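Residue-level listing of the chains:
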Amino acid sequence: MDFDFDPADESFREEVRSFIHDALPADIRERNVRNYHANRADTRRWTTILHERGWSAPSWPVAKGGTGWTPMQQFIFDEENFAAGAPLLETGGLKMIGPVIYTFGTPAQHERFNVPFLRGEISWGQGFSEPGAGSDLASLTTRAERQGDEWVITGHKMWTTNGHYANWLYLLVRTDPTQKQRGLSLILVPADAPGVTISPIIDIGEGHSLNEMFFDEVRVPAENLVGEENKGWTYAKFLLDRERAFSAEIPRNKRNFALLKQIAREARRGGRPLIEDGAFAARLAQLESDLDGLTWMTLRALARQGDSSWDLPVGSILKVRGTELQQTIGEMHVEALGDRGAYVYPEPDFATGEHHWPPGPDYAPGVLADFLYRRAVSIYGGSNEIQRTIIARQYLGL
Amino acid sequence: MDFELNHEQVLLQDSVRRFVEKQYDFDTRRKLVREGGGFDPKHWAVFAELGWLAIGLPEKHGGLGGSAVELAIILEELGKGLVVEPFLPVAVLAAQALAAAGVTGEAAQVLADIGTGAARPVLAHGEIDALGEIAFVETAAVRGASGWSLTGRKSLVVGAPFATHYLVSARTSGAPDDPQGISLFLLQPGDAGLERIDVRLSDSSRASEIVLSAAEVPAARLIGTEGNAFAALAAAHAHATTLICAEAIGAMDKALWITRDYLKTRQQFGQPIGNFQALQHRMADMLIELELSRAQLFGALAALGSAPAVRDRAVSSAKVQIGKAARLVGGQAIQLHGGIGITEEYVIGHYFKRLTMINNAFGNVGYHLDRMSRLAAV
Ligand SMILES: Cc1cc2nc3c(=O)[nH]c(=O)nc-3n(C[C@H](O)[C@H](O)[C@H](O)COP(=O)(O)OP(=O)(O)OC[C@H]3O[C@@H](n4cnc5c(N)ncnc54)[C@H](O)[C@@H]3O)c2cc1C
């Protein structure tokens, strides 16, 4: 064992930090450091800037247009990116459908979708869940029928993150109604195809990132199928393992913990700094300890990424505790803001930057909206109940 | 001891419950908070007509002389309906502050007018740097030729946009955290030097920050005696804290049963999700926290008439339990719903928002634990 950081990783961190410092436009930073939902225009602009540097796909191999970075380098990049207030890169394209396309799709599909995606030109929406198919995803009923050289798609998808920004959708659809998992396929659909309707779902933080999508006999060419027919389930699952080391969202937890400390230093209780309140300081220390544990587990998982002999369900462990930590930090943000933790600070207008905020410190806007939205992190991506079942069944053999 | 409601109390509970069920369904509430500004005068008229506003007022001030138990019955039912009109800020917090301050003259009239709905005073006491500490007041009142001049800022004055009067606390002597030297003044909308900044809150109710810039207040508008308002403020906060616990219990109760019903109908993996033992145990824990909260509410209600140290210990103990329970019940009600739970269109997230606000109102868990240990040390 050797617990020292590789000096090469430390100089890599410096390189990333100084690049982001110079390249991140101030207006993008200003909007994204506040934890409102990222706007597509910002993500696109930032992707373009990173693309010029060759960095728009930190987790992809060089041969596919990525950076070829080690898992540790990817993690460092994520940390620096998030700490600087840059928008997150689009996870759907980067971590899900892009790799599925270059692994199971055709070279033509890679040229058509992944290459423009790296330039920031394509934004994906993931259409997996349905009203009746959430945790039990394999029971989904959206149907794709083959008619000549076309697929005809009819159904109802729910909870599509950033569906309103998407120009392309990747759908998990039923192509064989006689099978469950083995009757599903992955099909790519233009968001503006006739018969597609995308409508907003507003979350309890009053933000818009979610959508529902209706497909009414939508026709796409046969070549929009990814990989083989009825293998969609395998493709949908194949990346989960590769991404497991990132499940605790350490970069977000670190930035939000730093914000909590800042609020605790500035907030007063009975006129004295909150951070000097013994009980509050002890709770802060508890969170810091939780964060340390998750960070070291993440470092271990990064080091062992791709090692299939290591079967600890580390992704599930990191997901459960990482999401709980996000929620606890958010709760304490709101608590430490005191009276102003109850005030609604509406999201500014994107085009003009205009906002109607009640009085409060500069860091207050966005805190409540983010706290409320983050109730979802223990629900999506396999709920925490499902993760615990995975730990108990698959690892403990219960 | 008797933990049963008497006949009149059952009738009261029924009447509030009927109001919530018939006139305050979720769609009506949604319209009210989106288009109606979060206050419907017709609702307030109902509160007055049915005697709810007068119930907690002393008989000598035109009230019905009921106890806090009656108010708790009302608030529990209002909590179930997520009623946004400022019943607690006016009929409990402001009313108790006035009653405990020993009012005469104009202020006595304001107190009496609460019952009829003619007056809606709110207490403008909290300040940003207080964070629950009742004795912390930096707003200053300086004596002038014909009265007082007030300067300072009050935050989260719930119900202020609809108020007819503001009961403003200000320091007439002493250090910022000194219980001695706090005085109460009667102000009104439109008073010179008083600016109101209205704010929408997380649970869709409305509040204001009130900024006082050398606001002139005539000497006759000092409520009670100079420098001695702390006891009245503490008594009013004990009442309001206890009764917001009652409201939380109503909100938790409703959120729990909505979730229970959802678990019986939502199907995944070919069966109702309520079949999964992990979720059954979660619901069992929610019920345990709810019922412990109810038990603590009884303890706080029993202590409201006791000496301040005894009273405040019991109130803090209840608020600690309610905070813990609100977190679990509110958060897990969303969790057990899955994605639908985090949508603005669906009701359950609104219980979570209200419960989060209640947890942070009148001192959060950390504040009340601290106060309990201070009181225990005496
Ligand atoms: C913010 C957000 C973003 C999302 N983005 C997308 C997206 O871009 N694309 C997409 O396709 N989907 C997306 N989803 C959907 C997400 O994947 C589902 O919400 C999730 O799978 C849960 O499904 P459900 O909401 O139907 O809840 P349900 O599956 O109905 O679950 C309800 C409750 O039951 C529990 N439960 C279910 N089964 C079991 C069991 N067997 N044992 C114990 N407990 C169980 C759950 O844990 C949960 O607490 C998103 C969801 C959210 C909230």
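Asker: Is there a simple way to explain the overall build of chain A in this structure?
Answerer: If you tally the helices and strands in chain A, you get 12 helices and 10 strands. The globule rule puts the C-alpha radius of gyration for 398 residues at 21 Å, and the 22 Å found for chain A is close to it. Sorting the 398 residues of chain A into buried and exposed places 54% on the buried side. Of all intrachain contacts in chain A linking residues separated by at least 6 positions in sequence, the fraction that spans at least 24 positions is 72%. Taken as a whole, chain A presents about 17,200 Å² of accessible surface, with 52% of it coming from carbon and sulfur. The positive charge centre, built from 42 side chains, and the negative charge centre, built from 54, are 3 Å apart in chain A.

Asker: What is the right way to look at the packing of aromatic side chains in this model?
Answerer: What characterises a pair of aromatic rings is the spacing of the ring centres plus the angle enclosed by the ring planes. In total, this model carries 28 aromatic pairs over all chains according to the counting rule given. An angle of 85° between the planes, with centres 5.8 Å apart, marks the rings of phenylalanine 47 of chain B and phenylalanine 87 of chain B as edge-to-face. Of the two residues, phenylalanine 47 of chain B sits in helix α3 (residues 41–49) while phenylalanine 87 of chain B sits in helix α5 (residues 87–101), which places them 40 residues apart along the sequence. For phenylalanine 47 of chain B, a relative accessible area of 0% gives the class buried. Following the ring pairs from residue to residue traces out a cluster consisting of Phe19, Tyr24, Phe39, Trp44, Phe47, Trp52, Phe87 and Phe162 of chain B. Cation over ring: arginine 53 of chain A sits above phenylalanine 19 of chain A, and NZ or CZ is 5.5 Å from the ring centre.

Asker: Is there a simple way to think about the pairing of strand β6 (residues 196–202) of chain A in this case?
Answerer: For a regular strand, the rule is simple: side chains alternate between the two faces of the sheet. Residues and elements named next belong to chain A. Relative to strand β7 (residues 208–221), β6 runs antiparallel, the two sharing 7 bridges. Paired with proline 200 across the two strands is asparagine 211, which belongs to β7. Hairpin connection, β6 to β7: the antiparallel pair is bridged by 5 residues, and glutamate 206 has positive phi, about 65°.

Asker: Explain a negative patch on the surface to me, please; I cannot follow it from the model alone.
Answerer: Together, Asp2, Asp4, Asp6, Glu10 and Glu14 of chain A line one region of the surface with negative charge. In this fold, aspartate 4 of chain A is placed in the segment before α1 (7–23).

Asker: I would appreciate a short explanation of the pattern of salt bridges in the present structure.
Answerer: Pairing of side chains with opposite charge becomes possible as their charged atoms draw close. For the coordinates displayed, the defined rule picks out 52 salt bridges over all chains. Ionic pairing is found between glutamate 106 of chain B and arginine 221 of chain B, a salt bridge with its closest N-O pair at 2.7 Å. In this pair, glutamate 106 of chain B is assigned in helix α6 (residues 105–116) and arginine 221 of chain B in the loop between β7 (206–218) and β8 (222–223), connecting sequence segments 115 residues apart. For glutamate 106 of chain B, a relative accessible area of 38% translates into the label partly exposed. Among the charged side chains, a network of salt bridges with common partners joins Arg13, Arg17, Glu79, Glu80 and Lys254 of chain A.

How each quantity is defined
- Position numbers for residues count from 1 along each chain, tracking the sequence in the order it is written.
- Chains and ligands are labelled by the order in which they are written, letters from A for the one and numbers from 1 for the other.
- Only residues with pLDDT of at least 70 get local features here, since the model is predicted, and only at 80 or more are side-chain atom pairs given and counted; chain-wide, interface and lining totals rely on the full set of residues.
- Side-chain measures were taken over the full set of non-hydrogen atoms in the model, leaving aside hydrogen atoms and water.
- Each helix is a run of H or I in the DSSP string that is no shorter than four residues. Each strand is a run of E no shorter than two, and both are numbered from the N terminus.
- Both definitions apply: the radius of gyration is a C-alpha atom measure, and the globule rule equals 2.2 Å times residues to the power 0.38.
- We call a residue buried when its accessible area falls under 20% of the maximum for its residue type, exposed when it is over 50%, and partly exposed in between, using a 1.4 Å probe and counting protein chains only.
- Pairs of residues are marked as contacts when any of their non-hydrogen atoms sit within 4.5 Å.
- Note on areas: Shrake-Rupley, 1.4 Å probe, and residue coverage restricted to the protein chains presented here.
- None of His or the chain ends enter the tally, which takes Lys and Arg as positive and Asp and Glu as negative.
- To locate a charge, take NZ of a lysine, CZ of an arginine, CG of an aspartate or CD of a glutamate.
- Centres within 6.5 Å make a pair out of two Phe, Tyr or Trp rings, where for Trp the six-membered ring is used; the pair is then stacked when the planes are under 30 degrees apart, edge-to-face when over 60, and tilted otherwise.
- Distance and angle both matter: a charge sits over a ring if NZ of Lys or CZ of Arg is within 6 Å of the ring centre and within 35 degrees of the ring normal.
- Strand pairing is defined by DSSP finding a minimum of two bridges between the two strands.
- Residues qualify for a patch when their relative accessible area is over 30% and they have no salt bridge, like charges being joined within 9 Å and the nonpolar side chains of Val, Leu, Ile, Met, Phe, Trp and Tyr within 5 Å.
- We count a salt bridge whenever a side-chain nitrogen from Lys or Arg sits within 4 Å of a carboxyl oxygen from Asp or Glu.

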